[in-house]
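The lines below spell out each chain.
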Amino acid sequence: MTDWRAVAWGAVVFFVIAAFGTAVPIVGQLGAGLVGGAVAGYLAGGGLGNGAWHGLLAGSVTGVAYTLLFALLGGVLGLAGGGPLGGLLGGAGILVLGIVITLVFAIDSAIAGAIGAVLAE
């Protein structure tokens, strides 16, 4: 059974740290994923599998939120700079990149979630 409270806390921690982690592009985002996933796994407990599941969900939720935010921003900026076609291409390009980013966020958060669940025991 999914503990959505743990997923929500993990996603919030991930999102807040990632917002400040943009100053250090690679390390900041991956570090945020590790901390957010560990929080979700720790709060959920229940062993490696359960912690990994909750970390994966926290990373995925955050990745989807980031993707939607940046696709909207890219679409608006593209619309302002290149008309309707520029807005479509800007938003769609960011959306495709966002899918890859969501997968990366989910994987490192799942690993950290498993570690967090083990620490909770």
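Residues numbered from 1 in each chain as written. Predicted model: local features only at pLDDT ≥ 70, side-chain atom pairs only at ≥ 80, totals over all residues. Heavy atoms only, no water.

**Q** Got a minute to help me understand helix 1 (residues 4-21) in this structure?
**A** Every α-helical turn comprises 3.6 residues, leaving residues that sit three or four positions apart pointing alike. An ideal rise of 1.5 Å per residue puts 26 Å on 18 residues; helix 1 measures up with 25 Å between its terminal C-alpha atoms. Taken as a whole, helix 1 has its buried residues at Ala6, Val7, Gly10, Ala11, Phe14, Ala18 and Gly21. Taken down its axis, helix 1 places every buried residue within 125° of arc, on the same side. (Helix = DSSP H or I, 4+ residues; strand = E, 2+ residues; numbered from the N terminus. Expected span 1.5 Å × (residues − 1). Buried < 20%, exposed > 50% of the residue type's maximum accessible area, 1.4 Å probe, protein only. Arc of directions from axis to C-beta.)

**Q** So what exactly am I meant to see when it comes to the packing of aromatic side chains here?
**A** To describe a pair of aromatic rings, one takes the distance between the centres and the angle between the planes. Under the criterion given, the structure shown has 4 aromatic pairs. When the ring of Tyr66 is compared with that of Phe105, the centres are 6.2 Å apart and the planes differ by 85°; the resulting orientation is edge-to-face. Given the relative accessible area of 9%, Tyr66 is considered buried. Taken together through their ring pairs, the aromatic side chains of Phe14, Phe15, Tyr66, Phe70 and Phe105 make up a single cluster. (Phe/Tyr/Trp six-rings, centres within 6.5 Å; stacked < 30°, edge-to-face > 60°.)

**Q** Sorry if this is basic, but what is going on with the pattern of salt bridges here?
**A** If charged atoms from side chains of opposite charge come close, those side chains can pair. Overall, the coordinates contain 1 salt bridge when judged by the stated rule. Measuring nitrogen to oxygen at the nearest pair gives 4.0 Å for the salt bridge that ties Asp3 to Arg5. By relative accessible area, Arg5 is classed as partly exposed at 47%. (Salt bridge = Lys/Arg side-chain N within 4 Å of Asp/Glu carboxyl O.)

**Q** I tried to follow the environment of Val118 on my own but got confused; where do I start?
**A** Mapped onto the fold, Val118 is located in helix 3 (residues 48-120). Taking the C-alpha atoms as reference points, Val118 and Leu48, 70 residues apart in sequence, are found 6.3 Å from one another.

**Q** Would you take a moment to explain the environment of Val39 for this structure?
**A** For Val39, the location among the structural elements is in helix 2 (residues 25-44). Considering only alpha carbons, one finds Val39 and Ala8, 31 residues apart in sequence, at a separation of 9.8 Å. Contact partners of Val39, with chain neighbours within four places excluded, come to Trp9, Gly10 and Val13. (Contact = heavy atoms within 4.5 Å.)

**Q** Before we go on, may I ask you to explain the UniProt feature "transmembrane region" (unreviewed entry) in the protein chain in this structure?
**A** UniProt's entry tags residues 7-24, 56-80 and 92-120 with the feature "transmembrane region" (unreviewed entry), counted in the numbering of this structure. Span residues 56-80 is 100% helix and 0% strand, its end C-alpha atoms 36 Å apart. (UniProt positions renumbered as here; feature names shortened; annotations may be inferred.)

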